[in-house]
Amino acid sequence: MIAQLWRNTGLIVAAFVIVLTGIFFGRPVILLIGVFLLVLTGFAEWMAGQTLTNIGLEHQVSHRVMEIGQTVVAEMVFENRMPWPIAHVSWENSLPQAVDVHGPGKLVDNAPAHRQVLSGQLHVGANERVRVQYRLTGRARGRWMVGPAAVWFSDTFGFTRIYRDMPDQIYITVWPKRYPIAAQFVSRNLLEGTIRGRPWDVPEPYRIAGTRPYVLGDPVRHIHPYASARSGQLMVKQLETVQNRHLEVIVHPLTHREHWMGIDVDVLEDLLSLAASVVESTLLTGIEVGLTLSGSLPGYPYGYTARPRRGQNVLAEYLTALSWLQPSGAIHQILVDRMAEMSWRVNSASVVVLVLALWEPAMAPILAVWRRRGTRVVIVTNGDLDQESLALSYPIYRWREGRLAHA
């Protein structure tokens, strides 16, 4: 938006009065002074119009996605395409408090709006392009708006005050913090007979496809004693391998039983960081991962669900979704609806990882159906689950002070 905030109309009125006085009293000198003032104010008005048309303003950020603690460069660009300078240029930019700001100008907090305002002044000469650069360092997970920015300036004579904003609103995404997850937490190909199974894989009973003669280098624990005794030579078990295993990560960002109790921010951020850690560590091993979120995020007011996929693009998409996620009022119903929606793809090759701080009783019937299909269910939590969830005998892994431990 471009607006003319102030115009020196008093000078224009004075010029008309002087002209009329010179005409009425027949004083050529007074008349010339009045005409000169009219020409001067008219020229200043024309220059103000040219300034509105020929000044270029840009606002940009080097990266729209960042990690917590990462710094990106943002800049405002003022370009004067006219052969005269722009006088009295001042600017300001509204920024979220979720980022630390380092740069020129004065920084003032706007606490009620969780914003901070960076402002300053500069000089833009004739045909000059001026850049105002500042740095943003991510401090909290989320989707944050940078801007709007605005600039105030005057014509060369200072007769007119002009305002112009930069309507382009820039959104930056700060990904959640991730914690290291032990490498054995996930496995693409599972040997069911392996003693050291994965968290969701029960090592017994053995699933043996057959036997074969022992070959130097075979693990001793795979020797089949009874087959060896009958055949008179060492025989080893051929263990059946489960292929195409994939994860379904379900994130339920509920931190209090009652909605009027609000949101426990510390629990929520740890929960989403834990979910991001599970997603990232699994995708990096090459396993397909699906993601289901029971909160709301921009473009998905009633939850989010994505089928199992793999790759770096999928990781970026999932981390962005977790960055934008916020608990909503209908979080209980959203969870049930999204789990019902993903039921068609959950089968015996699926491992469902529930990332939650509080147990949700409404999902128990759906989980029971999945378990009858042979689906493995694992709970990863940073909260204290009640006896109902414990009675379901799911493997539970608790997050305590930077590490994941079996409960």
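Please refer to the structure placed before this passage.
Quick summary incoming for the structure in this document.

What counts and how
- Residues numbered from 1 in each chain as written.
- Predicted model: local features only at pLDDT ≥ 70, side-chain atom pairs only at ≥ 80, totals over all residues.
- Heavy atoms only, no water.
- Buried < 20%, exposed > 50% of the residue type's maximum accessible area, 1.4 Å probe, protein only.
- Helix = DSSP H or I, 4+ residues; strand = E, 2+ residues; numbered from the N terminus.
- Arc of directions from axis to C-beta.
- Contact = heavy atoms within 4.5 Å.
- Pairing = 2+ DSSP bridges.
- Axes fitted to C-alpha atoms, helices over the stretch in contact; angles between N-to-C directions.
- Phe/Tyr/Trp six-rings, centres within 6.5 Å; stacked < 30°, edge-to-face > 60°.
- Lys NZ or Arg CZ within 6 Å of the ring centre and 35° of its normal.

With that out of the way, let us pick up helix α7 (residues 364-372). Among all positions of α7, only A364, I366, L367 and W370 are buried. One side of α7 carries all its buried residues, which in axial view fall inside an arc of 155°. Within α7, the exposed residues directed more than 90 degrees away from the buried face are P365 and R372. Summarising the contacts, the buried residues of α7 are in contact with β18 (246-252), α6 (331-342), β21 (350-356) and β22 (376-381). Phi turns positive one or two residues past the end of α7, at G374, with a value near 95°.

Attention now goes to the sheet that holds strand β13 (residues 170-174). A sheet is described by the order of its strands in space; here three strands give the open sequence β3-β13-β10, paired in mixed fashion. Two strands lie at the open edges of the sheet, namely β3 (65-66) and β10 (142-146), each paired on one side alone. Bridge analysis of β3 against β13 gives two bridges, and the strand direction is parallel. Looking across to β13, one finds that M66 is bridged to V174. Against the sheet, helix α5 (residues 312-324) contacts β10 and β13, and its axis sits at roughly 100° relative to β13.

So, on to the packing of aromatic side chains. What characterises a pair of aromatic rings is the spacing of the ring centres plus the angle enclosed by the ring planes. Within the structure shown, the criterion is met by one aromatic pair. With 5.1 Å between their ring centres and 85° between their planes, Y300 and Y304 make a pair best called edge-to-face. Judged by its relative accessible area of 42%, Y300 falls in the partly exposed class. Across from the ring centre of Y171, 4.1 Å away, lies the NZ or CZ of R143, which sits over that ring.

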